[in-house]
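# Structural characterization, general
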Protein chains: 2
Amino acid sequence: MVQEHLAGSVAQVLGANASFYRAFTKGDFEAMRGLWAERNPVTCQHPLSPTLIGLEAVLESWRQILREPPPLAMRCDDPVVHLLGDVALVSCYEGNGDHPAHLVATNGFVREVDGWRMIHHQAGPLGRARSRPPAPTLN
Amino acid sequence: MVQEHLAGSVAQVLGANASFYRAFTKGDFEAMRGLWAERNPVTCQHPLSPTLIGLEAVLESWRQILREPPPLAMRCDDPVVHLLGDVALVSCYEGNGDHPAHLVATNGFVREVDGWRMIHHQAGPLGRARSRPPAPTLN
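Model, not experiment: these values are computed from the prediction.

Rules used throughout
Residues numbered from 1 in each chain as written. Chains lettered and ligands numbered in written order. Predicted model: local features only at pLDDT ≥ 70, side-chain atom pairs only at ≥ 80, totals over all residues. Pairing = 2+ DSSP bridges. Helix = DSSP H or I, 4+ residues; strand = E, 2+ residues; numbered from the N terminus. Contact = placed C-beta atoms within 7 Å. Axes fitted to C-alpha atoms, helices over the stretch in contact; angles between N-to-C directions. Nonpolar A, V, L, I, M, F, W, Y, C, P; charged D, E, K, R; others polar. Least-squares fit on C-alpha atoms with pLDDT ≥ 70 in both. Buried ≥ 20, exposed ≤ 12 C-beta atoms within 10 Å, placed from the backbone.

The subject of this paragraph is the sheet that holds strand β5 (residues 101-112) of chain A. Sheet strands associate in pairs through backbone hydrogen bonding, adopting either a parallel or an antiparallel arrangement. Residues and elements named next belong to chain A. Ordered by their spatial adjacency, 6 strands build an open sheet running β2-β1-β6-β5-β4-β3, and the pairing between neighbours is mixed. Here the strands that pair on one side only, and so sit at the sheet edges, are β2 (52-53) and β3 (74-84). In terms of strand pairing, β3 meets strand β4 (residues 87-96) through 9 bridges, oriented antiparallel. Bridge pairing in β4 places methionine 74 opposite asparagine 96. Packed on one face of the sheet, helix α1 (residues 2-26) meets β3, β4, β5 and β6 (115-130) and runs near 150° to β3.

Here it is in structure tokens:
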């Protein structure tokens with residue numbers, strides 16, 4: 001039962017993490033806003049940039065990023081979820097479209113009453129871009 | 001009481017965070033090893049580098065970094081603690097000696113039986129180095 005519960009939580013966190021990259025790719029600010037925590041403090045560190053503290057500053061940054069045309073087709077490779085009770089950290093790589101991943105990222109989530117919400121995002125450059133993992137083959 | 005408890009936890013997290021930079025500066029691998037969580041999963045993303053997963057890989061990276069002479073005088077500026085129960089995220093800037101901070105970082109901690117331990121570290125370059133905050137003045 002405990003294992004099933006944990007597996008369910010990890011799947012939920014991966015779902016929230018995927019929603020983040022979907023909102024990014026679609027340039028969907030409302031979806032992005034809906035992902036960030038409202039009942040917990042938030043921070044965001046965009047590549048090469050100083051820390052944004054608090055929901056207002058974080059959402060304003062996303063509003064600006066997501067209105068830039070054309071939208072970036074942001075992809076998340078190799079997400080690793082570490083679950084710590086009602087908090088989860090996801091480590092992953094970020095790439096644009098089919099290009100090798102050029103960023104390494106941390107995404108923090110907390111379980112709020114209506115699901116997992118984002119509390120933190122940091123993305124920074126990789127020294128060497130990382131090839132996209134091969135698509136899984138069906139046996 | 002709750003406020004006092006929270007303030008106490010934040011102070012403890014700041015203490016653990018300061019210990020991390022002290023171990024870094026002293027090149028003290030044993031102190032660094034003692035800081036990392038043993039009962040929770042850990043990850044580490046050094047600047048420009050891919051994610052290290054698990055205690056063995058993380059500690060091996062620190063063993064290599066800390067034996068490089070001369071030790072870096074790593075400084076942590078403007079740490080902001082966000083407490084989420086028994087998990088804490090610290091956002092801060094990192095500088096070497098008296099130079100402006102050249103990195104932005106996330107440090108994750110979890111409360112284990114014997115205190116706050118590190119579960120995650122990500123540091124990435126800042127596009128523009130950030131001046132060291134002025135030393136507090138005594139009134």
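All names here are of chain B. Sheet architecture is open: 6 strands sit in the order β2-β1-β6-β5-β4-β3, paired in mixed fashion. A single partner strand is all that each edge strand has here, and the edge strands are β2 (52-53) and β3 (74-84). For strand β1 (residues 43-45) and strand β6 (residues 115-130), the ladder comprises 3 bridges, and the chain directions are parallel. Its bridge partner being in β6, glutamine 45 is matched across the sheet by glutamine 122. Sheet strands touched by helix α1 (residues 2-26): β3, β4 (87-96), β5 (101-112) and β6. Its angle to β3, the strand with the most contacts, is close to 150°.

On the chain A side, the residues contacting the 29 residues of chain B number 29 residues. Taken together, the elements giving at least two residues each to the side of chain B that touches chain A come down to β1, β3, β4, β5 and β6 of chain B. Looking at which element gives the most residues to the side of chain B that touches chain A, the answer is β6(B), with 8 residues. The class makeup of the residues in the side of chain B that touches chain A is 13 nonpolar, 14 polar and 2 charged.

Here we come to the pairing of β6(B). Residues and elements named next belong to chain B. The pairing of β5 with β6 spans 11 bridges and is classified as antiparallel. Paired with valine 104 across the bridge in β6 is glycine 124. From the end of β5 to the start of β6, which pair antiparallel, there are 2 residues.

For the pair chain B and chain A, the superposition axis carries a translation of 0.0 Å, the fit reaches an RMSD of 0.0 Å, and the rotation angle comes to 180°. Taken together, the rotation and translation describe the operation of a two-fold axis. Across chain B, the smallest distance between a C-alpha and the rotation axis is recorded for B:Gly124, namely 2.6 Å. Of the residues that chain B buries at the interface, 100% are likewise interface residues in chain A, meaning the two copies contact each other through the same surface.

Let us look at the environment of A:Ala7. Residues and elements named next belong to chain A. Counting through the fold element by element, alanine 7 comes out in helix α1. On the neighbour-count criterion, alanine 7 (11 C-beta atoms within 10 Å) is exposed. Sequence-wise, alanine 7 and arginine 22 are 15 residues apart; in three dimensions their C-alpha atoms are separated by 22 Å.

All names here are of chain A. Here proline 47 shows up in the loop between β1 (43-45) and β2. Sequence-wise, proline 47 and leucine 89 are 42 residues apart; in three dimensions their C-alpha atoms are separated by 18 Å. With sequence-adjacent residues up to four places away left out, proline 47 is seen in contact with Leu103, Ala123, Gly124 and Pro125.

As far as function goes, none of this settles anything; it's purely spatial.
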